[in-house]
Amino acid sequence: MTDLGSFIVGAVLVIPVVSAALLALLPDDRTTAWLNATAAFLTFISAAVLFLARPSPGRYLIVDDLNVVFIVLSTFVGFTTSVFSASYIAHELETGRLTPLYLRFYHAMYQTLMFGMNLALLSNNVGLMWVAVELSTLTTVLMVGIYRTPAALEAAWKYFLLGSVGIALALFGTILVYLAAHSVVGEGLDAMAWDVLVQNAPQFDPALLNLSFVFLLLGYGTKVGLVPLHAWLPDAHAEGPTPISAVLSGLLLNVALFAVLRFKSIMSANSGALAPGPLMVSLGLLSVIFASFMLYRRTDIKRMFAYSSIEHMGIITFAFGMGGPLANFAGLLHMTLHSLTKSAIFFCVGHIAQVKGTQHMPDIRGLTVSHPVLGWGLVFGVAAIGGLPPMGIFMTEFLIVTTTFARYPVLAVVLGLSLLVALGALLLRLNGLSFGDPHGSAEPAKASFVPIFAHFALVFVAGIWLPPALVIWFQHVANLLG
Amino acid sequence: MDQLALDVAHLFAGGLVLVSFMLLYQDRMTGLVNVFALHALVVSSSVAWQANIQQAPHLYITAAIALAVKAFVIPMALHRIIVRLGIHREIDPVVGIGQTMLAGIGLVALSIMVMLPITAQAGTLAREDLAFALSVVLLGLLMMISRRNAVSQVIGFMSIENGLILAATGAKGMPLVVEISVAFSILVALIVIGVFLFRIRERFDSVDIHTLHEHRGEQP
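Parameters at a glance
Residues numbered from 1 in each chain as written. Chains lettered and ligands numbered in written order. Predicted model: local features only at pLDDT ≥ 70, side-chain atom pairs only at ≥ 80, totals over all residues. Helix = DSSP H or I, 4+ residues; strand = E, 2+ residues; numbered from the N terminus. Buried ≥ 20, exposed ≤ 12 C-beta atoms within 10 Å, placed from the backbone. Rg over C-alpha atoms; globule rule 2.2 N^0.38 Å. Contact = placed C-beta atoms within 7 Å. Axes fitted to C-alpha atoms, helices over the stretch in contact; angles between N-to-C directions. Parallel < 35°, antiparallel > 145°, perpendicular 65-115°, else oblique. Nonpolar A, V, L, I, M, F, W, Y, C, P; charged D, E, K, R; others polar. Core = buried A, V, L, I, M, F, W, Y, C linked by C-beta atoms within 7 Å. Expected span 1.5 Å × (residues − 1). Bend = angle between axes of the 7 residues up to and from the residue. pLDDT = per-residue confidence, 0-100.

Caption draft 1: Structural view of the overall build of chain B. A count of helices and strands for chain B gives seven helices and zero strands. Starting at the N terminus and walking to the C terminus, you meet the elements of chain B as α-α-α-α-α-α-α. The burial tally for chain B puts 47% of its 220 residues in the buried class.

Laid out in structure tokens, this is it:
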């Protein structure tokens, strides 16, 4: 079993690398888009097998109960996004927004990004994880700027500056963690391995850990998009290609959050260290409040959903900050459902923006009349992301608010009110977008609906019935997180 | 470890902080790039010295990379960019140089006050090195926010990286991963300079990123 496990872990990492090289070399053709999708599919299948066969933890890589959830989710959304990307990119080629050469670059970068994220999730080494997060930051910076319009360049530049400062702070935090560990564990690789760190965390010097967590939270928090470190996020989402917005919101933010969670478990294992919860709760709550009010004044459709991502990352960070089995469970489930819903929304939005030729919301009206499938898809997506019952996100938000109410009623009231504010903003915009007289082009969209429906079906089913096996698994992980 | 070895290590680390201050008061592009080359030279000597006293030969590689790439290749590329764009004089600080220097002194004091008590157990070498490294990182951040020009921001970012190298080598026995990552970040700096500056040039005839703000996607 162990050997199969190592083989599978290898596959999850090697498939993206090989296909990135292939996609960079192959001549530009429509087939490359499908090669991209096939590679993503194979990666997903390999990741799913990790549930069954898992290797024993090594010096560099580890598969444990926590990261297997993240990796399967991440490869799944990576796969569906690549299917969406195939039809999206075909349209961009037709309209000449992307040249074949840039397309090659885009596909290679897409797979490199997948590699970076998988490596970050699988790594058993704080340094290796840092390198992987940096790699994924870089690839997304390049992809955000791919249209080379002034706005895209500004977005990429801003993302690069803030992202790399964040990542620099995270490296400083990582070095401090090593310093805290090496006097206990000894020098070398052991002092950077997750499993060793968590085991020995009670003996680490609390002062060093405190300082390192501040740097790590600020550093990786920049990548999560927590307010006040979020400035790059709306621009990067709005100006890059829509598949990248979907991957950013659905996956990359999760990867950064995963890093914070790993370090949080080290912190909570040490009784002398600062409790990480309150810091995460306050940053999370601040993000929710800020983003829900910012939702009102948006005129760009992708920018609006980017703010919604900030709001949801805030909710998830809040939930993990609260801690305890129930809040952690809700946080995990919320993260999963948010990834699925938000990426499906971006799939819809991508096609809508292509058909209408604009992202400016006042110019988009009456979608349910002109494009029924996309229009109703958007309605469903917004209802789900806004937290209307019976969709899954309603359930997790309800869980988070009620469990908070039992412990800190004031926080629960603030959180609940902000959620309502956000819902109001989304519904207000949705009304203009989806209903009324159609406005603009009514050409049928050449869209791939399968990924959209697949995601929405999962979100809908999750709201009504969760498979018991999944519930047990998530409860188990929630207990591990403490 | 004998006292002389420690003193020399501290000399290099303190020198790096000093050069970071020199970066802050440059008022010409060419001067700024030259001082950055000096910054890289100091950090590479510091790393080489650490390699010597820690008997960690792999650190020589880090030192060599820092020397070759950051002290020679990148400054030369930056000089060419500056000449091509004709921006010898444009430093364009946001706040006056005097205030920036004062803020810088405050940051150094802050990092010493934060680091020294905390790292009391970590051994003399790591202690001072970390305090100096945090100062360099903070000064780099200060430089990034106090300059409007894209080239100075890139230099500010690279000086942050130098500070991180100082911290990483000060932490005794930190595994090779860090060196890989450091080499990696040098690559980042290269890509960024190449891709972004030339793209920005292509579109705007200026590397002042302030002009970029006109193109924000968000209309009120």
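Caption draft 2: Looking closely at the overall build of chain A. When helices and strands are counted, chain A shows 19 helices and zero strands. For chain A, whose C-alpha radius of gyration is 21 Å, the value lies close to the compact-globule estimate of 23 Å for 482 residues. Its C-alpha atoms put chain A at 65 × 55 × 45 Å along the principal axes. A separation threshold of at least 6 residues defines the contact pool for chain A, and within that pool the share at least 24 residues apart is 82%.

Caption draft 3: Representation of the packing of helix α2 (residues 30-49) of chain A against helix α3 (residues 65-95) of chain A in the model. Residues and elements named next belong to chain A. At a minimum axis separation of 8 Å, α2 and α3 run at an interaxial angle of 170°. The orientation of α2 with respect to α3, classified from their angle, is roughly antiparallel. Side by side, α2 and α3 meet where R30, A33, W34, N36, A37, A40, F41, T43, F44, A47 and A48 of the first sit next to I71, V72, T75, F76, G78, F79, S82, V83, S85, A86, I89 and A90 of the second. Taken together, the residues of the contact of α2 with α3 sort by class into 16 nonpolar, six polar and one charged.

Caption draft 4: Spatial organisation of the nonpolar core. The biggest cluster of nonpolar side chains holds 241 residues, and the ones touching the most others in it are F172, V255, A256 and V260 of chain A together with L16 of chain B. Looking at this core element by element, the count peaks at 23 residues for helix α6 (residues 150-185) of chain A. Once you skip the residues sitting within four places of it in the chain, F172 of chain A turns out to touch F215 of chain A together with V137, L164 and A167 of chain B.

Caption draft 5: Representation of unusual backbone geometry in the model. The omega torsion across V227 of chain A and P228 of chain A is 5°, close enough to zero to call that bond cis. Inspection of the secondary structure assignment puts P228 of chain A in the loop between α8 (206-224) and α9 (232-239). Following P389 of chain A, the chain continues into P390 of chain A via a peptide bond in cis, with omega recorded as 5°. On the secondary structure map, P390 of chain A appears in the loop between α15 (372-386) and α16 (392-407). Of note, Q55 of chain B is a non-glycine position whose phi angle comes to about 50°, a positive value. Mapping Q55 of chain B onto the fold places it in the loop between α2 (29-54) and α3 (58-85).

Caption draft 6: Just helix α10 (residues 242-269) of chain A, in detail. Residue and element names in this part refer to chain A. Helix length check: α10 (28 residues) gives 40 Å between terminal C-alpha atoms against 40 Å at 1.5 Å per residue, within 8%. At L248, α10 shows its maximal kink, close to 40°. With 25 of its 28 residues buried, α10 lies for the most part within the structure.

Caption draft 7: A look at the confidence of the model for chain B. Residues and elements named next belong to chain B. Of all residues in chain B, 75% have pLDDT values of 70 or greater, and the mean over the chain is 78. In the model of chain B, helix α7 (residues 177-204) stands out as the element of lowest mean pLDDT, 55, in contrast to helix α1 (residues 3-24), which has the highest, 91. As a predicted assembly, this complex carries a pTM of 0.91 together with an ipTM value of 0.87.

Caption draft 8: Layout of the environment of K356 of chain A. When you line up the elements, K356 of chain A lands in helix α13 (residues 324-356). Among residues more than four places away in sequence, those in contact with K356 of chain A are D363, I364, G440 and S441 of chain A.

Caption draft 9: Up close: the packing of α3 of chain A against α10 of chain A. Residues and elements named next belong to chain A. Interaxial distance between α3 and α10 falls to 9 Å at its minimum, and their mutual angle equals 170°. In terms of their interaxial angle, α3 and α10 are classed as roughly antiparallel. On α10, the residues touching F70, S74, V77, G78, T81, F84, S85 and Y88 of α3 are T242, P243, A246, V247, G250, L251, N254 and F258. Each residue belonging to the contact of α3 with α10 can be placed in one class, and the counts come to nine nonpolar, seven polar and no charged.

Caption draft 10: Quick look at the environment of T62 of chain B. In this fold, T62 of chain B is placed in helix α3. As for T62 of chain B and A48 of chain B, which are separated by 14 residues in sequence, their C-alpha atoms are 8.2 Å apart.

Caption draft 11: Representation of the environment of G482 of chain A. By the element assignment, G482 of chain A lies in the segment after α19 (468-481). Residues in contact with G482 of chain A, not counting those within four places in the same chain, are S265, S268 and G323 of chain A.

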